[in-house]
Amino acid sequence: GGNPVRATPGISGGERVQPDVTAADGALAEPASQPSGAGGSPAQLLLSAAGWIWITVAATLLFYHFWQLLRLKRQLASARAVGDGIYEAENLQTAFVAGTLEPRIYLPESLPGRERQYVLAHERTHIRRRDYLVKQWAFALACVYWFHPLIWLAFYLMCRDMEMSCDECVIREMGGEA
């Protein structure tokens, strides 16, 4: 099988064979590559399903992350400025840095004076090292490679190492008593 053909009368009285033109633009119709009921090989179906699963999980992780950021933003709406780029909020359990272009330090209201100094030094170290940006990029990569358990382990260990490194920096700067 090639293209369907039809007989048309020729000039010499004999028949001339002409391909059937079925496309709207006048191009010759191509033979079908597969029977109309075929859905592809099992490998193609598996790859297609894997692609849809990958995009669904990655999108779900990103959606959940942005939903959590919106919840945090609402929680921080009542935070009050107490210094240059430093905010306090009554409903926080721990201090952290938030923001991309203008990072801010958010502190729980109930931090005592000396502990507050240590925490501020720790969070300022995160800002100085741009840990907040590195963490965002690393999470984005983890969302892309969500299926690989070593990516999540690396992300977890990276976050833990960032925290310990900032603690060590504060201890070195403020002395052993910190």
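Everything in this summary refers to the structure shown in the same document. (Residues numbered from 1 in each chain as written. Predicted model: local features only at pLDDT ≥ 70, side-chain atom pairs only at ≥ 80, totals over all residues. Heavy atoms only, no water.)

Right, let's talk about the overall build of the protein for a bit. When you go through the protein residue by residue, the secondary structure sums to four helices and six strands. Secondary structure of the protein in N-to-C order comes out as β-β-α-β-β-β-β-α-α-α. Here the protein, with 178 residues, has 22% of them falling under the buried criterion. (Helix = DSSP H or I, 4+ residues; strand = E, 2+ residues; numbered from the N terminus. Buried < 20%, exposed > 50% of the residue type's maximum accessible area, 1.4 Å probe, protein only.)

In this model helix 4 (residues 149–174) runs 38 Å from its N-terminal to its C-terminal C-alpha over 26 residues, within 8% of the 38 Å that 1.5 Å per residue would give. If you check which residues of helix 4 are buried, you get Phe155, Cys159, Met162, Cys166, Cys169 and Val170. Its buried side turned inward, helix 4 meets helix 2 (113–129) and helix 3 (131–144). Glycine 175, located one to two residues past helix 4, shows a positive phi value of around 100°. (Expected span 1.5 Å × (residues − 1). Contact = heavy atoms within 4.5 Å.)

Take the pairing of strand 4 (residues 86–89) next. Side chains Ile86 and Glu88 of strand 4 all project onto a buried face; the interleaved residues Tyr87 and Ala89 project onto the opposite face, where all are buried too. Bridging between strand 3 (residues 80–83) and strand 4 involves three bridges; their strand directions are antiparallel. Residue pairing in the sheet places arginine 80 in a bridge with glutamate 88 of strand 4. Here strand 3 folds back onto strand 4, and the loop between the two strands holds two residues, one of which, glycine 85, carries a positive phi near 75°. Pairing of strand 4 with strand 6 (residues 104–108), which is carried by four bridges, proceeds in the parallel orientation. When the bridges of strand 6 are listed, tyrosine 87 appears paired with tyrosine 106. (Pairing = 2+ DSSP bridges.)

Another point: the packing of helix 3 against helix 4. At a closest axis distance of 10 Å, the pairing of helix 3 and helix 4 adopts a crossing angle of 170°. As judged from the angle between their axes, helix 3 and helix 4 are roughly antiparallel. Along its contact with helix 3, which presents Asp131, Val134, Lys135, Ala138, Phe139, Leu141 and Ala142, the element helix 4 presents Ile151, Trp152, Phe155, Met158, Cys159, Met162 and Cys166. Each residue belonging to the contact of helix 3 with helix 4 can be placed in one class, and the counts come to twelve nonpolar, no polar and two charged. (Axes fitted to C-alpha atoms, helices over the stretch in contact; angles between N-to-C directions. Parallel < 35°, antiparallel > 145°, perpendicular 65-115°, else oblique. Nonpolar A, V, L, I, M, F, W, Y, C, P; charged D, E, K, R; others polar.)

Our focus in this paragraph is unusual backbone geometry. You will see that arginine 130, though not glycine, has its phi angle at about 60°, which is positive. Inspection of the secondary structure puts arginine 130 in the loop between helix 2 and helix 3. Taking relative accessible area as the criterion, arginine 130 reaches 48% and is therefore assigned partly exposed.

It is worth spelling out a nonpolar patch on the surface at this point. Together, Trp52, Trp54, Ile55, Leu141, Val144, Tyr145 and Phe147 make up an exposed nonpolar region whose accessible area comes to about 720 Å². Per element, the largest residue contribution to the nonpolar patch is three residues, and it comes from helix 1 (residues 42–75). Tracing the sequence through the fold places valine 144 in helix 3. Judged by relative accessible area, valine 144 falls into the partly exposed class, the value being 34%. (Patch = residues over 30% accessible without salt bridge, like charges linked within 9 Å, V, L, I, M, F, W, Y side chains within 5 Å. Areas by Shrake-Rupley, 256 points an atom, 1.4 Å probe, with all protein chains shown as cover. Salt bridge = Lys/Arg side-chain N within 4 Å of Asp/Glu carboxyl O.)

What follows is about the side chain of histidine 122. Along the chain, histidine 122 falls in helix 2. Overall, histidine 122 belongs to the buried group, its relative accessible area being 8%. Ignoring anything within four residues of it in the chain, the contact list for histidine 122 reads Glu163, Cys166, Asp167 and Val170.

All right, on to the packing of aromatic side chains then. Two aromatic rings, taken as a pair, are described by how far apart their centres are and by the angle between their planes. Counted according to the given criterion, the structure contains eight aromatic pairs. Ring geometry for tyrosine 64 against tryptophan 67: centres 6.0 Å apart, planes inclined by 40°, an arrangement best described as tilted. Placement of the pair is tyrosine 64 and tryptophan 67 together in helix 1, with a separation of three residues, close to one helical turn. Of the residues examined, tyrosine 64 reaches a relative accessible area of 46% and is grouped as partly exposed. Judged by its relative accessible area of 39%, tryptophan 67 is partly exposed. Geometrically, the ring pair formed by tyrosine 145 and phenylalanine 147 is edge-to-face, given 6.2 Å between the ring centres and 65° between the ring planes. Overall, the relative accessible area of 41% leaves tyrosine 145 in the partly exposed class. (Phe/Tyr/Trp six-rings, centres within 6.5 Å; stacked < 30°, edge-to-face > 60°.)

Without other data, these values stay purely geometric and don't point to any function.
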